[in-house]
Amino acid sequence: MSREEDEDENFGALPEPTPARDTSLEKPIGTPAPRAAAFGEGAEGRAVRRERGLAGPRTGFFQRTGQFLRDTRAEMRRVSWPSANEVKNTTIITLVAVVFFAIYLFGVDRVWSFLIEHLRSWLGG
């Protein structure tokens, strides 16, 4: 088989992936398994404290509250608010769907009630 035929045959084929971890075939017998560290343990085995946010001095309550309100206001400016017509249309669609399903479930309930009552009377209950 020529090189061109071989390339055509393997077109789009991915190379063999390398194993992500050692297999039992690669380790000599009697090698202990690696120690599984508990979540949050550092390299030395002692617990590591995980901080939220940026490192550095902590800001005061009023500064954080003010920053939260500024961020909230900026985010609310980016919201695409629906028009009054869109709100009206979706409200009408929701009400029609609720009425339709209420009538449907009422009908299904009446049919099952009728069948169960007649089944009880036919069975002598």
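Residues numbered from 1 in each chain as written. Predicted model: local features only at pLDDT ≥ 70, side-chain atom pairs only at ≥ 80, totals over all residues. Heavy atoms only, no water.

S.K.: How should the overall build of the protein be read in this particular structure?
M.R.: The helix and strand inventory of the protein stands at three helices and zero strands. Counted from the first residue to the last, the protein has its helices and strands arranged as α-α-α. Each of the 125 residues in the protein was classed as buried or not, and the buried ones make up 2%. Roughly 12900 Å² of accessible area belongs to the protein as shown, and the carbon and sulfur atoms make up 62% of that amount. (Helix = DSSP H or I, 4+ residues; strand = E, 2+ residues; numbered from the N terminus. Buried < 20%, exposed > 50% of the residue type's maximum accessible area, 1.4 Å probe, protein only. Areas by Shrake-Rupley, 256 points an atom, 1.4 Å probe, with all protein chains shown as cover.)

S.K.: When you look at the packing of aromatic side chains in this model, what are you seeing that I'm missing?
M.R.: Counted according to the given criterion, the structure contains two aromatic pairs. Aromatic side chains F61 and F62 sit 5.3 Å apart centroid to centroid with 75° between the ring planes, which places their arrangement in the edge-to-face category. (Phe/Tyr/Trp six-rings, centres within 6.5 Å; stacked < 30°, edge-to-face > 60°.)

S.K.: When you look at the pattern of salt bridges in this model, what are you seeing that I'm missing?
M.R.: Two side chains that carry opposite charge are able to pair once their charged atoms sit near each other. Taken as a whole and judged by the stated rule, the model has two salt bridges. Note that R78 and E75 form a salt bridge whose closest N and O atoms lie 2.8 Å from each other. One end of the pair is R78 and the other is E75, both in helix α2 (residues 61-78) and three residues apart, which spans about a single turn. Close ionic contact of E117 with R120 constitutes a salt bridge, the shortest N to O distance being 3.4 Å. Residue E117 and its partner R120 are located together in helix α3 (residues 84-122), separated by three residues, close to a single helical turn. What makes R120 partly exposed here is its relative accessible area of 46%. (Salt bridge = Lys/Arg side-chain N within 4 Å of Asp/Glu carboxyl O.)

S.K.: Just checking my understanding: could you explain α3 for this structure?
M.R.: At 3.6 residues per turn, the α-helix brings residues three or four places apart onto the same side. Relative to the 57 Å expected for 39 residues at 1.5 Å per residue, α3 spans 57 Å between its end C-alpha atoms, a close match to the ideal helical length. Looking one or two places after α3, you find G124, whose phi comes out positive at around 80°. (Expected span 1.5 Å × (residues − 1).)

S.K.: Help me understand a nonpolar patch on the surface in this model?
M.R.: On the surface, F100, F101, Y104, L105, V108, V111, W112, F114, L115 and I116 cluster together into a nonpolar patch covering about 1100 Å² of accessible area. Mapped onto the secondary structure, F114 falls in helix α3. (Patch = residues over 30% accessible without salt bridge, like charges linked within 9 Å, V, L, I, M, F, W, Y side chains within 5 Å.)

S.K.: Mind showing me how you'd approach α2 here?
M.R.: Given a rise of 1.5 Å per residue, 18 residues ought to cover 26 Å, and the 26 Å separating the end C-alpha atoms of α2 matches this to within 8%. Taken across its 18 residues, α2 has zero buried, putting it largely on the surface.

S.K.: Would you take a moment to explain the confidence of the model for the protein for this structure?
M.R.: In low-pLDDT segments, the atomic positions of the prediction should not be examined closely. When pLDDT is averaged across the protein, the result is 78; 54% of the residues are at 70 or more. Here helix α1 (residues 3-9) is the element of the protein with the lowest mean pLDDT, 57, and α3 is the one with the highest, 96. (pLDDT = per-residue confidence, 0-100.)

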